[in-house]
Amino acid sequence: MEKILEGLVSSTHPLPLKRAIVRRVVESAEAPLSEPQCRAMFELSTRLILQGPDPFQRQVGRQVLEAYARHHRAAFEAFFTRDLVLALLRGAGGEGPASACLPSGLDPAVLDYIQGGLRLLISCPAVLELFALLQEEASRLVGERPPAPLCARLCQLLSDFPQCLPRGRKAALGFCQQLVRSIAHFQTQGTREAELRLYVAQVSQVSGLLRSVWKTEPDTLLPSLQELFAIISSTDTSFEPSVALASLVQHIPLQMITVLIGSLTTDPNVKDASMTQALCRMIEWLSWPLAQHVETWVIALLKGLAAVQKFTILIDVTLLKIELIVPHVVKLVKSFKSNSLPSSTTFLGQLSELIHCMMYHYSGFPELYEPILEAIKDLPKPGEEKIKMILNQSAWTSQSSSLQSCLSGFSGKSETGKTGLINLGNTCYMNSVIQALFMATDFRRHVLSLNLNGCNSLMRKLQHLFAFLAHTQREAYAPRIFFEASRPPWFAARTQQDCSEYLRFLLDRLHEEERTLKALSSSELPRDMNDESLVQDVSSKTPLSTKPSPTATEERTLIEKMFRGKLQTSICCSNCKSTSHKEEPFTDLSLAFCPPVFLENGEPPKVDNLSEGKDTSMEPVINAAFSPVAETPSDILAVGDCSEMVTNEGTPKDHPIDSDCENVTDPVECKDSLQKHVAEVTPSVIDLLNYFLAPEVLKGDNKYYCEKCASLQNAEKTMQVVEEPEYLILTLLRFSYDPKCHIRRKILDNVSLPLVLELPVKRTVSTLSPVSGVWSVGVEFSDTGENLAKKLKPSGAEEVGCSQCIPYVLSSVVVHSGISSESGHYYSYARNVSSSGSSSGSFDQSQGLALAYPQNHFMAGEAPVAAVEKKLGETEVSKEWFLFNDSRVTFTSFQSVQKITSRFPKDTAYVLLYKKQNSANALNATSANGLWVNGDPPLQKDLMDAITKDNKLYLQEQELSARTQALQAAAASCSFRPNGFDDNDPPGSCGPTGGGGGGGFSTIGRLVF
């Protein structure tokens, strides 16, 4: 009979014919058969079930086996023995006639076969021996980490036959722990919906068996949960537990939350890193389909950690997982807007409230927030007081200073082709300045073209940094060496600092260093001192007031060529009319905010009009620009109207910070006194520059001592630029001390940023030359050196001064985000502007600015500048802007630069860099050896070798990372880990305290969860 059946199922006869014959064979099972005949039928049916090539043969095998086993129970009991089942479970062929029907390995079909055999023998005594065998084999099988399909089939067998479950507390506990570990290794085999549904069903089958064991053996629950926590809290990066573990949470009694959370949060053996890892993975469990109670446990654990003040863990988790939220906010808002349910409207209101709280507290990321703001623009916006109240509800503070700033690492390699700078710990003030200087094309090319071989100077380190920014393949570079070399001595490490102060120190240091090296190059150098020690030794002995030699332009330092200008201060005695002149170099102009009366006049006011609007007891002192040869005096800064003045805070050494200053009163209490005086018309940089150059009447307590009159006299003080720099640096004096409220605050007034401005420069010529009352912008002067004006020159000299307007185009903007000088975040907007060649941003002076201006005008009129800006706006000049935010570099536009403060009130322009157009001092586009044209100069060999070596190392790191990720992907399933972080060093977190209004950068501000 078995021969006929075997030949039939493998024949090519029609399927209906074969079904009819099989039916006859099944019916013949009732006939008496000998034991060898029964065994032959059992072996054939077993072989068809386990090795059948098609569903028909496997179905025939099951039908025949069930029919013959039911009618010949004793023969089947003799066939289905312990040895057979053991051989099937261990995938061994074994010996004897039955060995031919055994498969080579264990698969779900084997477990199906065993379960069918147990069902047929359930009433036979021999089944007890099989149950004992399966109790042992079940623990062994789950310990081998079977895949999800096989493990699910085993659990189904054990669920149908609970007699096969391991007995005793020890055996049951071991089985549960092994099963938890097996779930941690599960991974889905497909991505289609049907495959994912099958995978979820398989995981549910396994977790359901665990629930049954926990109910039967309650003592196994807590150890199983301990095993679960040990898996998800592991910091081993070579293994990522499967998100399928989320299926176990629904089976944990909610009554155990208090006990378990209390035990976890107070256990001294649980390290913070392990708790952080566990909490992050539990948050990932929220993505598991049909997950129940996961959010309840996550929230309970968060509250438990807050109760024991483990805020560092909470902050780390929030920063690590915030990426899962921000990119999806716009889609989420649109989805709920399309749903008109009342619950959706309520949810959107709450979501808008939390989003505004997030943007208020984590300011400084306009490229991330602009799409979100656009999506929620028609939703209610909470007031500042409500935002602060919400933030105060859950204040998390930490002393950790090495938290990761995930917002600066959202994207990988920038599509802009530009390289970011890794935040080394509150170093955004340096990063923003360096990026602005790097984007100053002519300055960058000069630095890269210097021959500094064998020199260990700061300029050499800057050249090294610029070279890496230009040629590295890394998405972000860590400027550790340059930071340590350029950090001012009074700047404490890992604390927020003023970027303007850092820029001044950097330029001053580079200038002094180059001048010292030039002075030493002509003398015999000590053999036991290197260049760096010589520079530090000589610079420390060289006073800042030392004047450079007034020789040819080529002997000026690079900083002088690029950034130095000259201011002439003239004081005219009102009594004797004698005038004294004094010239001082500057590297930047510090612009105070002008009072509304100045803006309302529409033009630079006369001395009398300006003096009438001022209180004589508080005459503003026009800020002398910082330069390598003069220190900046403390200034008086007018904000609002003239009745309320605030004093510029100056440098830390001039004005020590009182740590209790901000605790005297909340800045919000005095906010109205500042806002009510803001002018209705937004001032522009041109207005601030006009105010800087406006004449000032010295009278009252501020009278001028006239040497000719030998007494104090009223006088008129004027300031004029007599030599313009290649790069004009303008610093807006935003950080101030308010004597009325006794607090240090930031001036949040919006300032319009012109793409083009014209700087009035006084040109001194002989009275023998024909001079008209107006000067064309295109007039050239052959002498723009230091001999244009004489210091302390009598007013009766036979020379006259005429103003020439020099055009400048905006190159970069450093933005400060925050409301306090002790906290916040710096980032910069910049573009390539060069005065040589046809690079982006170059401007033809003859085409748009060949205009004449009266001598008594401080700045050019609005009409020609507006025309020029309009013309530039029609080209690509205003579009090729980049946003540098530490490691993140993105494309942006000039419109975003202009609207930054109107969109984000705490983000204000602070330092501006303007490039002089049609400069005669620009670096030639073709080098002496003709190796480069209209681009950066070729790098020196040692620099190129260092970059090439680092690029190779970076490629090796990328290959290693790719292999590691591939291994993790093979061992984990459905893992949604954040990516894009700076993995060289934990960057500083400038964002979290940006705009918090209190506390320095060494503390972390409040978070909203």
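The structure displayed is predicted, hence computed values, not measured ones.

Visitor: How do you make sense of the overall build of the chain when you look at a structure like this?
Guide: Each helix and strand counted, the chain has 35 helices and 22 strands in total. A separation of at least 24 residues holds for 79% of the contacts in the chain among residues at least 6 apart in sequence.

Visitor: What am I meant to see in the environment of arginine 474 here?
Guide: Considering the arrangement of structural elements, one finds arginine 474 in the loop between helix H23 (458–471) and strand S2 (476–477). Each C-alpha atom of the pair arginine 474 and tyrosine 954 lies 6.9 Å from the other, and the pair is 480 residues apart in sequence. Within the structure, the side chain of arginine 474 is placed 3.0 Å from the side chain of aspartate 950, a separation counted as a polar contact. For arginine 474, the side chain forms a polar contact with the side chain of glutamate 957, separated by 3.1 Å.

Visitor: So what exactly am I meant to see when it comes to the packing of aromatic side chains here?
Guide: The geometry of two aromatic rings is summed up by the distance between their centres and the angle between their planes. Counting across every chain of the model gives 23 aromatic pairs. An angle of 35 degrees between the planes, with centres 4.4 Å apart, marks the rings of phenylalanine 336 and phenylalanine 347 as tilted. Of this pair, phenylalanine 336 sits in helix H17 (residues 329–337) while phenylalanine 347 sits in helix H18 (residues 342–361); the two residues are 11 residues apart in sequence, bridging distant segments of the chain. Seen in terms of ring centroids, phenylalanine 468 and tyrosine 477 are 4.9 Å apart; in terms of plane orientation they differ by 25 degrees. Their pairing is stacked. Just as phenylalanine 468 is buried, tyrosine 477 falls in that class too.

Visitor: How should I be thinking about the side chain of serine 224 in this particular structure?
Guide: Summarising the element assignment, serine 224 is placed in helix H12 (residues 221–232). At 3.2 Å, the side chain of serine 224 and the side chain of tryptophan 214 are in polar contact. Excluding anything up to four places from it in sequence, serine 224 contacts Cys176, Val180 and Trp214.

Visitor: I keep staring at unusual backbone geometry and nothing clicks. Help me out?
Guide: Although it is not a glycine, asparagine 426 sits at a positive phi angle of roughly 60 degrees. By relative accessible area, which is 5% here, asparagine 426 ends up buried.

Visitor: So what exactly am I meant to see when it comes to the pattern of salt bridges here?
Guide: Once the charged atoms of two side chains with opposite charge are near each other, the side chains can pair. Counted under the stated rule, the structure contains 30 salt bridges. In this structure, arginine 556 engages glutamate 723 in a salt bridge whose closest nitrogen and oxygen atoms are separated by 3.4 Å. A residue pair is termed long-range when its members are at least 10 positions apart, and arginine 556 in the loop between helix H26 (531–541) and helix H27 (558–563) and glutamate 723 in strand S11 (residues 715–723) qualify at 167 residues. Residue classification places arginine 556 among the buried positions, given a relative accessible area of 15%. Given a relative accessible area of 5%, glutamate 723 falls into the buried group. For glutamate 726, the salt bridge identified is with lysine 915, shortest N-O distance 3.7 Å. On the criterion of sequence distance, the pair formed by glutamate 726 in the loop between S11 and strand S12 (727–732) and lysine 915 in strand S22 (residues 907–916) is long-range, its members being 189 residues apart. Pair check on accessibility: glutamate 726 and lysine 915 agree, each one buried.

Visitor: Is there a simple way to think about the pairing of S22 in this case?
Guide: S22 sits mainly inside the fold: 10 of its 10 residues count as buried. Where S12 lies against S22, five bridges are found, and the strand directions are antiparallel. Residue tyrosine 727 lies in a different strand from S22, and its bridge partner there is lysine 915.

Visitor: What am I meant to see in helix H2 (residues 15–27) here?
Guide: Given 3.6 residues per turn, any residue in an α-helix points the same way as the ones three and four places further on. Its 13 residues give H2 an end-to-end C-alpha distance of 18 Å, which sits within 8% of 18 Å, the value for a rise of 1.5 Å per residue. When H2 is considered as a whole, its buried residues turn out to be Lys18, Val22 and Val25. Along the axis of H2, the buried residues cluster in a sector spanning 55 degrees; they form a single face. Opposite the buried face of H2, by more than 90 degrees, sit the exposed residues Pro16, Arg23 and Arg24.

Visitor: Even after reading the chapter, I still don't get the side chain of aspartate 588, so can you show me in this structure?
Guide: Its place among the elements puts aspartate 588 in the loop between strand S4 (579–586) and strand S5 (589–591). Relative accessible area serves as the criterion here: at 3%, aspartate 588 is assigned to the buried category. One polar contact links aspartate 588 to arginine 504, side chain to side chain, over a distance of 3.0 Å. Of note is the side chain of aspartate 588, whose polar atom sits 2.9 Å from the side chain of threonine 731.

Visitor: Could you clarify how one ought to interpret helix H15 (residues 294–307) in this entry?
Guide: When the terminal C-alpha atoms of H15 are compared, their 20 Å separation across 14 residues agrees well with the 20 Å that a helix rising 1.5 Å per residue should span. Three or more residues of H15 are buried, namely Val294, Trp297, Val298, Ala300, Leu301, Leu302, Gly304 and Leu305. Buried residues in H15 make contact with helix H13 (257–266), helix H14 (272–284) and helix H16 (311–321). Positioned one or two residues after H15, glutamine 309 has a phi angle of 60 degrees, which is positive.

Visitor: What is the right way to look at the packing of H17 against H18 in this model?
Guide: For any two helices packed against each other, one specifies the crossing angle of their axes together with the interaxial distance. Close contact between H17 and H18 brings their axes to 9 Å; oriented N to C, the two are set at 155 degrees. Here H17 is positioned roughly antiparallel relative to H18, judged by the angle of their axes. In this structure, the crossing between H17 and H18 has a hand that is left-handed. On the side of H17, the interface is formed by Val329, Leu332, Val333, Phe336 and Lys337, while H18 contributes Ser344, Phe347, Leu348, Leu351 and Ile355.

Visitor: I keep staring at the nonpolar core and nothing clicks. Help me out?
Guide: Note on soluble globular proteins: their nonpolar side chains tend to be buried together. Leu245 and Trp285 are the most contacted members of the largest nonpolar core, which has 107 residues in total. Filtering out sequence-adjacent residues up to four positions away, tryptophan 285 remains in contact with Leu228, Ile232, Ser242, Val243, Leu245, Ala246, Val249, Ala291 and Val294. Counting 64 residues, the second largest nonpolar core, distinct from the first, contains Tyr362, Val721, Leu728 and Phe904.

Visitor: In this structure, what is going on with the pairing of S4? I would like to understand it.
Guide: Note on strand geometry: in a regular strand, side chains alternate between the two faces of the sheet. Of the strand pairs in this sheet, strand S3 (residues 565–573) and S4 are connected by eight bridges, and their pairing is antiparallel. From the neighbouring strand, lysine 566 faces S4, where its bridge partner is proline 585. Count of turn residues in the S3/S4 antiparallel hairpin: five residues, of which lysine 577 carries a positive phi of about 65 degrees.

Visitor: Is there a simple way to think about the packing of helix H9 (residues 148–160) against helix H11 (residues 193–216) in this case?
Guide: Closest axis-to-axis distance for the H9/H11 pair is 8 Å, and the angle between their directions is 40 degrees. Between H9 and H11, the angle falls in the class oblique. In this structure, H9 crosses over H11, and the sense of that crossing is left-handed. Counted together, Ala148, Pro149, Cys151, Ala152, Cys155, Gln156, Leu158 and Ser159 of H9 and Tyr199, Gln202, Gln205, Val206 and Leu209 of H11 form the full contact between these two elements. Grouping the constituent residues of the contact of H9 with H11 by class yields nine nonpolar, four polar and no charged.

Visitor: I keep staring at the confidence of the model for the chain and nothing clicks. Help me out?
Guide: Reading fine detail from the predicted coordinates is not recommended where pLDDT is low. Chain-level statistics for the chain give a pLDDT mean of 74 and a share of 70% at 70 or above. Across residues 836–864, confidence stays below pLDDT 50; counting only partners more than four residues off in sequence or on other chains, it has 73 contacts. Every residue in residues 991–1009 is under pLDDT 50, and counting partners more than four places away or in other chains gives 79 contacts.

Visitor: Can you help me understand the environment of lysine 916 in this one?
Guide: Looking at the element boundaries, lysine 916 is found in strand S22. The spacing of lysine 916 and tyrosine 808 is 108 residues in sequence and 4.4 Å in space, taken between C-alpha atoms.

Visitor: Any chance you could explain the environment of valine 60 here in plain terms?
Guide: Here valine 60 shows up in helix H4 (residues 55–71). The spatial distance from the C-alpha of valine 60 to the C-alpha of arginine 19 is 8.7 Å, given a sequence separation of 41 residues.

Calculation criteria
- Residues numbered from 1 in each chain as written.
- Predicted model: local features only at pLDDT ≥ 70, side-chain atom pairs only at ≥ 80, totals over all residues.
- Heavy atoms only, no water.
- Helix = DSSP H or I, 4+ residues; strand = E, 2+ residues; numbered from the N terminus.
- Contact = heavy atoms within 4.5 Å.
- Polar contact = N/O pair within 3.5 Å; in protein donor to acceptor, adjacent residues only side chain to side chain.
- Phe/Tyr/Trp six-rings, centres within 6.5 Å; stacked < 30°, edge-to-face > 60°.
- Buried < 20%, exposed > 50% of the residue type's maximum accessible area, 1.4 Å probe, protein only.
- Salt bridge = Lys/Arg side-chain N within 4 Å of Asp/Glu carboxyl O.
- Pairing = 2+ DSSP bridges.
- Expected span 1.5 Å × (residues − 1).
- Arc of directions from axis to C-beta.
- Axes fitted to C-alpha atoms, helices over the stretch in contact; angles between N-to-C directions.
- Parallel < 35°, antiparallel > 145°, perpendicular 65-115°, else oblique.
- Left-handed = near helix turned anticlockwise from the far one by under 90°.
- Core = buried A, V, L, I, M, F, W, Y, C linked by side-chain atoms within 4.5 Å.
- Nonpolar A, V, L, I, M, F, W, Y, C, P; charged D, E, K, R; others polar.
- pLDDT = per-residue confidence, 0-100.

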